[in-house]
Amino acid sequence: MSKVFKNKLLRYLYVFLFLNPTILPVNSSSALAAWSLNSNGVLELRTKSNTNLKAYFQKSNQLYGDRFWVDFPGELKNPRTLKGNGPIKEIRLGKPKRGKTRLVIEFKEETYLNPLTWRMIGLNQNSWRIKLFKPKYAFKKIGEGFVEKKVEKFKVNRNSNYLNKRGHDFLELPNVKENKFSVVIDPGHGGPDPGAIGIGGIRETDVVLEVSKIVEKLLSQKGVKVTLTRKNEVDLDLPPRVSFANKTNADIFVSIHANASRGKRRDINGLETFYFKGWKGRSLAKGIQKQILRVSPGSPDRGVKQGRFYVIKNTKMPAVLVEIGFLTGRLDARRLEKPTHRKRIAYAIAKGILEYLSKVR
Ligand SMILES: [Zn+2]
């Protein structure tokens, strides 16, 4: 693991899920009602209804092992520490500041966690779960109270369909003037040319087509005219993509690709966006790169670069080519095979495009 990668991980607060936040008065009691870290490595929480939870992860340092913690509104009465077993060093309940409760799970040093796969799931308005580790040896459950008490039947928040969830600022797409802009989205490769083939046979052509179609949908919803250079698995050479784009008189051209590393090195991951020339192209590339990084925590920022790719070199309008991750990289491939992540990447690209259209154009 490179140093850069580690530092990135530190800065990203990984797991987030917010329901309607209720502001509790400072002196109210803790919203955490019960918790249990089960023998299968799943942490279950019961809270007051409509609690706003924030969860964080931090890699180990000289003082602490790897730590996962959740902050709850409301003040804890008795700060306490519980001894762990198995991979857990200890569990602390504290008040980081007045009016707050913090549940900290500290892991032993030799534990290998993969926080990038963690998802906090809201089961209903009162209960939450997250799988933190896969126990190698018998792990004895630790907990306080009954996590399953008083479970109300409310609408389930089970899937992490980010498209429908409010409260993520990266999901709030900016508005632009309707029926004013036109964008060409170019899903790379297609047909007999699958593009990069990654871990487990994941194919670039499939990933980028799906992402492109979601981008199309999102932009259309904002009143932007979108044309795709291909809508299915057809063989499409580069020149027709360019002449097609040039004929549409679109404002911008965005080609979507996924990477592969030479020798299929699993340790090479990251995102990059290319433009050919001009400040407009660079500005669009920067905006998209910034957004896709936000939804890809831990994956390296390979930067915004000038590139001489045919499709961005020969298009008349500001044009970029975005590489949304390495299908041969362990971290990126695992994500890009998930529909949820493809949606998030599509959101990010759409956001970069809309911000560009609203500011630069
Ligand atoms: Zn490609």
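On a predicted model such as this, the values are computed, not experimentally measured, just so you know.

Cut-offs used in this document
Think of each chain on its own: its residues are numbered from 1, step by step along the sequence as written. Since the coordinates come from a predicted model, pLDDT governs what is reported: local features require at least 70, and pairs of side-chain atoms require 80 or more to be given and counted, while whole-chain, interface and lining totals use all residues. The helix and strand labels rest on DSSP assignments: H or I over at least four residues marks a helix, E over at least two residues marks a strand, and numbering proceeds from the N terminus. A residue pair is marked as a contact if its C-beta atoms, positioned from the backbone, fall within 7 Å. To obtain an axis, a line is fitted to C-alpha atoms, over the contacting stretch when the element is a helix, and the angle between two such axes runs from 0 to 180 degrees between their N-to-C directions. An angle below 35 degrees is read as roughly parallel, one above 145 as roughly antiparallel, one from 65 to 115 as roughly perpendicular, and any other as oblique. Each crossing gets its hand from how the near helix is turned against the far one by less than a right angle, where anticlockwise is left-handed and clockwise is right-handed. Each pair of strands is called paired provided DSSP finds at least two bridges between the two strands. By convention in this section, buried Ala, Val, Leu, Ile, Met, Phe, Trp, Tyr and Cys residues joined through C-beta atoms within 7 Å make up a nonpolar core. Counting other C-beta atoms within 10 Å of a residue's own tells you its class, since 20 or more makes it buried, 12 or fewer makes it exposed, and anything in between is partly exposed; those C-beta atoms are placed from the backbone. When residues are grouped by polarity, Ala, Val, Leu, Ile, Met, Phe, Trp, Tyr, Cys and Pro land in nonpolar, Asp, Glu, Lys and Arg in charged, and all others, Gly among them, in polar. How far a helix is expected to stretch is found by multiplying one less than its residue total by 1.5 Å. Confidence of the predictor in every single residue is expressed as pLDDT, which spans 0 to 100.

Asks: Would you take a moment to explain the overall build of the protein for this structure?
Replies: Summing up its helical and strand segments, the protein has seven helices and 17 strands in all. A fraction of 75% describes how many contacts in the protein between residues 6 or more apart in sequence connect residues 24 or more apart.

Asks: I keep staring at the packing of helix H2 (residues 204-221) against helix H7 (residues 339-359) and nothing clicks. Help me out?
Replies: Packed helices, taken two at a time, are described by their axes: the angle between them and the distance between them. H7 packs onto H2 with a crossing angle of 50° between their chain directions and a minimal axis gap of 8 Å. Judged on the interaxial angle alone, H7 and H2 are oblique. Between H2 and H7 the crossing geometry is right-handed. Between H2 and H7, the contacting residues are Val 207, Glu 210, Val 211, Ile 214, Val 215, Leu 218 and Leu 219 on the first element and Arg 342, Lys 343, Ile 345, Ala 346, Tyr 347, Ile 349, Ala 350 and Ile 353 on the second.

Asks: I'm lost on the sheet that holds strand S11 (residues 142-144) in this one. Help?
Replies: Strand pairing in a sheet is mediated by backbone hydrogen bonds. Such pairs are either parallel or antiparallel. Here we have five strands laid out as an open sheet, ordered S9-S10-S3-S2-S11, and antiparallel in their pairing. Each having just a single partner strand, strand S9 (121-122) and S11 make up the two edges of the open sheet.

Asks: What's the story with the nonpolar core in this structure? I'm lost.
Replies: Grouped burial of nonpolar side chains is what soluble globular proteins tend to show. Judged by nonpolar contacts, the single largest core of 55 residues is most densely connected at Val 183, Val 254, Val 320, Ile 349 and Ile 353. Here the element with the most residues in this core is H7; it accounts for ten residues. Discounting residues that sit within four places of it in the chain, Val 183 has contacts with Leu 219, Val 224, Val 226, Ala 250, Asp 251, Ile 252, Val 254 and Ile 353.

Asks: Please explain the sheet that holds strand S15 (residues 271-275) as it appears in this structure.
Replies: Read across the open sheet, the six strands follow the order S13-S12-S14-S17-S15-S16; overall the sheet is mixed. Only two strands of the sheet have a single neighbouring strand rather than two, namely strand S13 (225-228) and strand S16 (301-306). When the angles between neighbouring strand axes are averaged without regard to direction, this sheet yields 20°. Bridge analysis of S15 against strand S17 (residues 319-326) gives four bridges, and the strand direction is antiparallel.

Asks: Please explain the environment of Phe 326 as it appears in this structure.
Replies: Relative to the helices and strands, Phe 326 resides in strand S17. Given 30 C-beta atoms within 10 Å, Phe 326 falls into the buried group.

Asks: What is the right way to look at unusual backbone geometry in this model?
Replies: Most peptide bonds take the trans configuration, and most residues that are not glycine carry a negative phi. Phi angles above zero are rare outside glycine, and His 189 is one such case at about 65°. Its 21 C-beta neighbours within 10 Å are what place His 189 among the buried residues.

Asks: What should I look at first to understand the packing of helix H4 (residues 279-294) against H7 in this one?
Replies: Across the interface, H4 lies against H7 with an axial gap of 8 Å and an inter-helix angle of 150°. Here the hand of the crossing between H4 and H7 comes out right-handed. Only Ile 345, Ala 348, Ile 349, Lys 351, Gly 352, Ile 353, Glu 355 and Tyr 356 of H7 make contact with H4, whose side of the interface consists of Ser 283, Leu 284, Gly 287, Ile 288, Lys 290, Gln 291, Ile 292 and Arg 294. Among the residues making up the contact of H4 with H7, the classes are represented as eight nonpolar, four polar and four charged.

Asks: Just to check I follow, could you spell out H4 for this structure?
Replies: For an α-helix, the turn length of 3.6 residues means that residues three or four places apart are oriented alike. Given a rise of 1.5 Å per residue, 16 residues ought to cover 22 Å, and the 23 Å separating the end C-alpha atoms of H4 matches this to within 8%. What H4 keeps buried is the set Gly 281, Leu 284, Ala 285, Gly 287, Ile 288, Gln 289, Gln 291 and Ile 292. In the core, the buried residues of H4 are packed alongside strand S14 (252-259), S15, S16, S17 and H7.

Asks: I'm lost on the environment of Glu 204 in this one. Help?
Replies: Of note, Glu 204 is situated in helix H2. Sequence separation between Glu 204 and Pro 194 is ten residues, and the spatial gap between their C-alpha atoms is 6.1 Å. Here Glu 204 is in contact with Gly 188, His 189, Pro 194, Gly 195, Ala 196, His 257, Ala 258 and Leu 327, once residues within four sequence places are set aside.

Asks: Sorry, what's going on with the environment of Trp 128 here?
Replies: Position of Trp 128 relative to the elements: it lies in strand S10 (residues 127-131). In this structure Trp 128 comes out as buried when scored by C-beta crowding, with 23 C-beta atoms within 10 Å. Taking C-alpha positions, Trp 128 is 8.1 Å from Leu 43, a pair spaced 85 residues apart along the chain. For Trp 128, the residues in contact, after removing those within four places along its chain, are Leu 45, Thr 47, Leu 53, Met 120, Ile 121, Gly 122 and Leu 123.

Asks: Even after reading the chapter, I still don't get the confidence of the model for the protein, so can you show me in this structure?
Replies: When pLDDT drops low, the exact placement of atoms in the prediction is not to be read closely. Per-residue pLDDT for the protein averages 85, and the proportion of residues at 70 or more is 86%. Scored below 50 in pLDDT, residues 1-26 shows 43 contacts in the model against residues more than four places distant or in partner chains.

Asks: Could you clarify how one ought to interpret H2 in this entry?
Replies: Compared with the 26 Å implied by 1.5 Å per residue over 18 residues, the 26 Å span of H2 between its first and last C-alpha is a close match. All of the buried residues along H2 are Glu 204, Thr 205, Val 207, Val 208, Leu 209, Val 211, Ser 212, Val 215, Glu 216, Leu 218 and Leu 219. The secondary structure elements touched by the buried residues of H2 are strand S12 (182-187), S13, S14, S17, helix H6 (330-336) and H7. Backbone geometry just after H2 places Gly 223 at a positive phi near 80°.

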